[in-house]
Amino acid sequence: MDKLKIIFSNGEVLTLKEHDLITPIVLHEQNGEQFPTMSKLNELWVHTHDGLIPSLMESLYLCRFFYVNENHNIVYGAHSIVKIEVC
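This section reports on the structure supplied with the text. (Residues numbered from 1 in each chain as written. Predicted model: local features only at pLDDT ≥ 70, side-chain atom pairs only at ≥ 80, totals over all residues. Heavy atoms only, no water.)

**Examining the packing of aromatic side chains**
A complete count under the given rule lists two aromatic pairs for this structure. Aromatic pair phenylalanine 8 and tyrosine 76: ring centres 5.6 Å apart, planes at 15°, arrangement stacked. Of this pair, phenylalanine 8 sits in strand S1 (residues 3-8) while tyrosine 76 sits in strand S7 (residues 71-77), and the two are 68 residues apart along the sequence. Here phenylalanine 8 matches tyrosine 76 in class, with each residue buried. With centroids separated by 5.5 Å and ring planes inclined at 25°, the aromatic side chains of phenylalanine 66 and tyrosine 76 adopt a geometry described as stacked. Separated by 10 residues along the polypeptide, phenylalanine 66 in strand S6 (residues 65-68) and tyrosine 76 in strand S7 bring together distant segments of the chain. In this structure phenylalanine 66 comes out as buried when scored by relative accessible area, which is 0%. Taken together, Phe8, Phe66 and Tyr76 form an aromatic cluster joined through their ring pairs. (Phe/Tyr/Trp six-rings, centres within 6.5 Å; stacked < 30°, edge-to-face > 60°. Helix = DSSP H or I, 4+ residues; strand = E, 2+ residues; numbered from the N terminus. Buried < 20%, exposed > 50% of the residue type's maximum accessible area, 1.4 Å probe, protein only.)

Have a look at this one:
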């Protein structure tokens with residue numbers, strides 16, 4: 001099974017696997033006001049050559065923060081990621 005190891009700037013490591021769920025938190029604008037909101041849930045899938053990285057990039061490329069799976073007690077900062085490796 002493919003896994004990803006995400007290393008954050010504070011040294012924390014997050015390991016993800018196929019079928020884990022990523023919920024991006026994005027900025028939404030309505031009636032001239034902006035506020036953060038959860039975007040659509042994305043399931044990690046394995047690319048033939050690049051493992052889980054393409055599906056993770058689909059989830060994180062345009063967001064600043066994200067949740068993993070159904071745990072909404074921890075919000076991760078996408079911009080604090082310093083390294084992603086397939087393991």
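**Some words on the environment of alanine 78**
The residue alanine 78 is located in the loop between S7 and strand S8 (81-86) in this model. Judged by relative accessible area, which is 12%, alanine 78 ranks as buried. Distance from alanine 78 to phenylalanine 65, taken between C-alpha atoms, is 5.2 Å for residues 13 residues apart in sequence. Contact partners of alanine 78, with chain neighbours within four places excluded, come to Leu60, Cys63, Arg64, Phe65 and Phe66. (Contact = heavy atoms within 4.5 Å.)

**Observations concerning the nonpolar core**
The tendency in soluble globular proteins is for nonpolar side chains to be buried as a group. Counting 16 residues, the largest nonpolar core has Leu14, Leu16, Ile22, Leu56 and Phe66 as its most contacted members. Those elements that provide at least two residues to this core are S1, strand S2 (13-17), helix H1 (53-60) and S6. Broken down by element, this core gets its largest block of residues, three residues, from S1. (Core = buried A, V, L, I, M, F, W, Y, C linked by side-chain atoms within 4.5 Å.)

**Remarks on the sheet that holds S1**
Reading across from one edge, S2-S1-S8 is the order of the three strands in this open sheet, with antiparallel pairing throughout. A single partner strand is all that each edge strand has here, and the edge strands are S2 and S8. If you compare each strand with its neighbour and ignore which way they point, the axes differ by 20° on average. Where S1 meets S8, five bridges bridge the pair, whose relative direction is antiparallel. What sits directly across from lysine 5, in S8, is glutamate 85. Here H1 sits on the sheet in contact with S1, S2 and S8, set at roughly 150° to S8. (Pairing = 2+ DSSP bridges. Axes fitted to C-alpha atoms, helices over the stretch in contact; angles between N-to-C directions.)

**Some thoughts on H1**
Buried within H1 are the following residues: Ser55, Leu56, Ser59 and Leu60. The buried residues of H1 all sit within an arc of 125° when viewed along its axis, so they share a single face. In this structure, the buried residues of H1 make contact with S1, S2, strand S3 (21-30), strand S5 (42-43), S6 and S8. (Arc of directions from axis to C-beta.)

Fair warning: the whole summary comes from geometry, so function is off the table for now.
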